[in-house]
Amino acid sequence: MKQVVQSIGDGSLRVVEVPTPTCGPAEVLVSTTRSLLSTGTEKAVRELASSSLIDKAKARPDLVRQVLKKARTEGLRNTVQAVRTRLDEDMPLGYSAAGVVLEVGSSVHGLTPGTRVATASAGHAEAQVVPSLLAIPIPDGVTDEAAAFGAVAAIAMQGLRQADVQVGGTVAVVGLGLVGQLTARMALASGLKVIGVDLRDWTVDLAADAGAIGLVEEGQGTTDAIVAHTRGRGVDAVLVTASTKSSDPVMAAVERVRDRGTVVVVGDVGVELARTPFYMKEVDVRFARSYGPGRYERTYEEYGIDYPIGQVRWTEGRNIEAYLDLVASGRLRVDDLVTHVFGIDEAERAYETIGEDPRALAVQFTYSGQAIGREPISLRPVTAGHKGSGIVGAGNYAKMTFLPAMKKAGLPSAVAVTSSSGLTARHLAERHDVAQVVADVPSMLAMDTVDTVFVLSRHDSHAQITCDALAAGKHVFVEKPLALIEDELESVLASLEASERVLWGGFNRRHSEAIQQAKSTLGGTGEPLVITYRVSAGRLPETHWYKDRRQGGRLLGEVCHFIDLASWVVGMPVDEVVALGSGGSELLLQEDLVISLRFADGSIATVTYAEHGHASTSKERLDILGRGHTVTIDDFAKLSIDGKDVKLSAPGKGHVENLRLFNDVLAGAQDGTADTRATIASTAAALAAVRSLEEGTIAKVDPRVGGQPFTR
């Protein structure tokens, strides 16, 4: 299918072929018929992307602070690489559209294939995967042209709801671009008196034609006119829908609103305000957040859990629904706002138009509506009879860490890649010489050219993909964690037993040079060891996918690494686990953890994992005492044995070495049995830690994965 994307680095725009995405349980797949360019938002996005790096930094000082923090904790080199990778990405454009449902997820109710829907948060593409609560059935009589306004109209609707003005009241709408025009019209349809203000006379005339009082911005003269139109009282609310770095629209609003009135900031405007004018009138200043309640909330948008109507009357989905009902009733007209229509192949011309034509208001794309296929997209030919690898997942880890490590390890380029969005898979394929982009995992597993699958996707998919790949006769390299629940681990073990293929884990730290030298000193087995592993993990934003309860949290997603390393250093599986959390959040979403491990030979280990350490603290420090030695490893860059610093020729966390060994095992040059047993045992130990948290007891590790030492 075709999709419109833009380079984050230089702002260049193109239409690319990407696989049709597959919808998840709480999503729907929609064949797009119309999509709307939000001229103000998308013009601003394009201008920012096209600007210099310095101008980008000035525009987003919050991101600059994140970069500086990353540089302090992870080093300049890694930070520069991360920034370059980010700037090299393509981003989808667009967020407001209409189309026809093709497929529905297993937990979706009320939508069926063939339903016409207005959609939000999906881009300009021939097909789009949409959260089920943001795919709103279109009433009879509402055209696709009008329905495509849905998400943008919900922004205007949410601004009005924040204004909270009763019937008969008066509002001023400052900034009569697309959102402003929709705001004015919906306010009129709601029985309000509307005064529209803009710098441009033609947008003022357009608002006046719809029934508003139109005023061209003239400073004090405009303020005087607004006061006169409201019998000297001022309006009940000012909705600022303009886009400007200046704070003038908000400061002017305080002079135009009545005593104890409301100013609602909808547009991207400056908010450097003087306190006294707002204080003297006790003005209520509010901000409208996008489409309404539910926006940016994982439970609503990703899990598909709606808010009870008795508790939250107007959600983002219900705001779109209300807009469609207004259009269906004839009280709201939007077709005259459409100034330009282009086919998706004319995307570049469409974006040139919104940049060059000052009267471009609502610009729309049309689509052919042809059936959407899932055929592979070939970027280069594959030699007949060639066997290679397939990659599942194309996120930051794959791009920044895994693919570069594959190259350094001497592994050939993959022959296929797939990801949930399709766009990220194409981008990875273009940058790393991958031959084909395929639609989904089943398509990849059916390929004769793929004999090894690298599972780099989200954690909740690992076990199922591993089982399916083993059943399909593929070797599997799976990033940690191998499983999130014990039933999943059982399934993986059964699949491995029934297969003659190799299963390998992404527990790379055990293969780092620092650990190899430490093991050489300590020996594989012997007297008990005492291990202290301190991890200063750092805080993650609330939007990070690690905070999605479906992904196992940081205990199963990352702490499993440190459990594995302690086990590998001791040389045998964990026997018992005690886990303690700070209790600050959901059980598996706790980010301050202490995990104590006991081994059959008497060794003990403690993993202390914390998120609130200082940014200058190294992330990982490992102290090992026993067998007559003391070993200290600091971030796998510094090694000390018995008080003496040991120079490392290849500092790092072992990604390259792990892949080299896996490749040797596949070639029959090495025996990987111990590594596979260690991966399974470490997964079982991490799952035992979950049981310990749940039950508040010492948890025994499944004895089926214990016993034999990890010796190669």
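The following refers to the structure shown. Worth saying up front: this structure is predicted, and the values here are computed from it rather than measured.

## Some points on the environment of tryptophan 545
By secondary structure assignment, the location of tryptophan 545 is in the loop between β24 (529-536) and α21 (553-570). By relative accessible area, which is 24% here, tryptophan 545 ends up partly exposed. When the C-alpha atoms of tryptophan 545 and aspartate 702 are compared, they prove to be 29 Å apart, with 157 residues separating the residues in sequence. Not counting residues within four places of it along the chain, the set of residues in contact with tryptophan 545 comprises Arg298, Arg458, His459 and Gln551.

## Regarding the packing of helix α18 (residues 462-471) against helix α19 (residues 486-498)
Where α18 meets α19, the closest approach of the two axes is 9 Å, and the angle between their N-to-C directions is 15°. One element, α18, and the other, α19, form an angle in the roughly parallel class. Here α18 runs over α19; the crossing is left-handed. Across the interface between the two elements, Ala463, Thr466, Cys467 and Leu470 of α18 pack against Glu488, Ser491, Val492, Ser495 and Leu496 of α19.

## Digging into helix α22 (residues 655-666)
Compared with the 16 Å implied by 1.5 Å per residue over twelve residues, the 17 Å span of α22 between its first and last C-alpha is a close match. Residues of α22 that are buried make contact with α15 (396-408), β21 (450-455), β22 (475-478), β23 (503-505) and α23 (673-695). Just downstream of α22, glycine 668 is the residue with a positive phi angle, here 80°.

## Some details on the sheet that holds strand β11 (residues 213-216)
Across the sheet, six strands lie side by side as β11-β10-β9-β12-β13-β14; this open sheet has parallel pairing. Only two strands of the sheet have a single partner each, and these edge strands are β11 and β14 (284-287). Direction aside, neighbouring strands of the sheet carry axes that sit 20° apart on average. With five bridges connecting them, strand β9 (residues 170-174) and strand β10 (residues 193-198) associate as parallel partners. In the strand pairing of β10, valine 171 is matched with valine 194. Docked against the sheet, helix α7 (residues 178-189) engages β9, β10 and β12 (235-240), running at close to 170° with respect to β9.

## Focus on the state of the cysteines
Within the structure shown, the criterion is met by zero disulfides. The cysteine cysteine 467 is free of any disulfide, with cysteine 560 supplying the nearest cysteine sulfur at 17 Å. By relative accessible area, which is 10% here, cysteine 467 ends up buried.

## Quick word on the packing of aromatic side chains
A full pass over the atoms with the stated rule returns 13 aromatic pairs. Relative to tyrosine 291, the ring of tyrosine 95 has its centre 6.3 Å away and its plane inclined at 25°; by these criteria the two rings are stacked. Residue tyrosine 95 is located in the loop between β4 (90-92) and β5 (96-104), and its partner tyrosine 291 is located in the loop between β14 and α12 (298-301); the two are separated by 196 residues in the primary sequence. By relative accessible area, which is 14% here, tyrosine 95 ends up buried. Given a relative accessible area of 2%, tyrosine 291 falls into the buried group. Through a chain of ring-to-ring contacts, three or more aromatic side chains come together here, namely Tyr397, Phe402, Phe454, Phe477, Trp504 and Phe662. Taking the ring centre of tyrosine 279 as reference, the NZ or CZ of arginine 275 above it sits at 4.6 Å. Seen from the ring of tryptophan 568, arginine 510 lies directly overhead, with NZ or CZ sitting 4.9 Å from the centre.

## Quick notes on the side chain of glutamine 128
With respect to the secondary-structure elements, glutamine 128 resides in strand β7 (residues 127-131). At 2.9 Å, the side chain of glutamine 128 forms a polar contact with the side chain of threonine 32. A distance of 2.9 Å separates a polar atom in the side chain of glutamine 128 from a polar atom in the side chain of threonine 119. The residues contacting glutamine 128, other than those within four sequence positions of it, are Val28, Leu29, Val30, Thr32, Ala97, Thr119 and Ala122.

## Remarks on the side chain of threonine 676
Looking at the element boundaries, threonine 676 is found in helix α23. Residue class for threonine 676 comes out buried when judged on its relative accessible area of 13%. With sequence-adjacent residues up to four places away left out, threonine 676 is seen in contact with Leu496, Leu503 and Trp504.

## Quick word on the packing of α15 against α22
In contact at an axis separation of 8 Å, α15 and α22 are set at 55° when each is read in the N-to-C sense. The pairing of α15 with α22 is recorded here as oblique in orientation. By crossing handedness, the relation of α15 to α22 is classed as right-handed. Residue-level inspection shows Tyr397, Thr401, Phe402, Ala405, Met406 and Lys408 of α15 in contact with α22, the latter providing His655, Val656, Leu659 and Arg660.

## Quick look at the sheet that holds β4
What links the strands of a sheet is backbone hydrogen bonding, and the strands pair in either a parallel or an antiparallel sense. Spatial ordering of the open sheet is given by β2-β1-β4, a layout of three strands whose pairing is antiparallel. Both edges of this open sheet fall to β2 (13-17) and β4, since each of them pairs with a single strand only. The average undirected angle you get between the axes of adjacent strands in this sheet is 45°. With three bridges joining them, strand β1 (residues 2-7) and β4 adopt antiparallel strand pairing. Bridging across to β4, valine 5 finds its partner in proline 92.

Analysis parameters
Residues numbered from 1 in each chain as written. Predicted model: local features only at pLDDT ≥ 70, side-chain atom pairs only at ≥ 80, totals over all residues. Heavy atoms only, no water. Helix = DSSP H or I, 4+ residues; strand = E, 2+ residues; numbered from the N terminus. Buried < 20%, exposed > 50% of the residue type's maximum accessible area, 1.4 Å probe, protein only. Contact = heavy atoms within 4.5 Å. Axes fitted to C-alpha atoms, helices over the stretch in contact; angles between N-to-C directions. Parallel < 35°, antiparallel > 145°, perpendicular 65-115°, else oblique. Left-handed = near helix turned anticlockwise from the far one by under 90°. Expected span 1.5 Å × (residues − 1). Pairing = 2+ DSSP bridges. Disulfide = S-S within 2.5 Å. Phe/Tyr/Trp six-rings, centres within 6.5 Å; stacked < 30°, edge-to-face > 60°. Lys NZ or Arg CZ within 6 Å of the ring centre and 35° of its normal. Polar contact = N/O pair within 3.5 Å; in protein donor to acceptor, adjacent residues only side chain to side chain.

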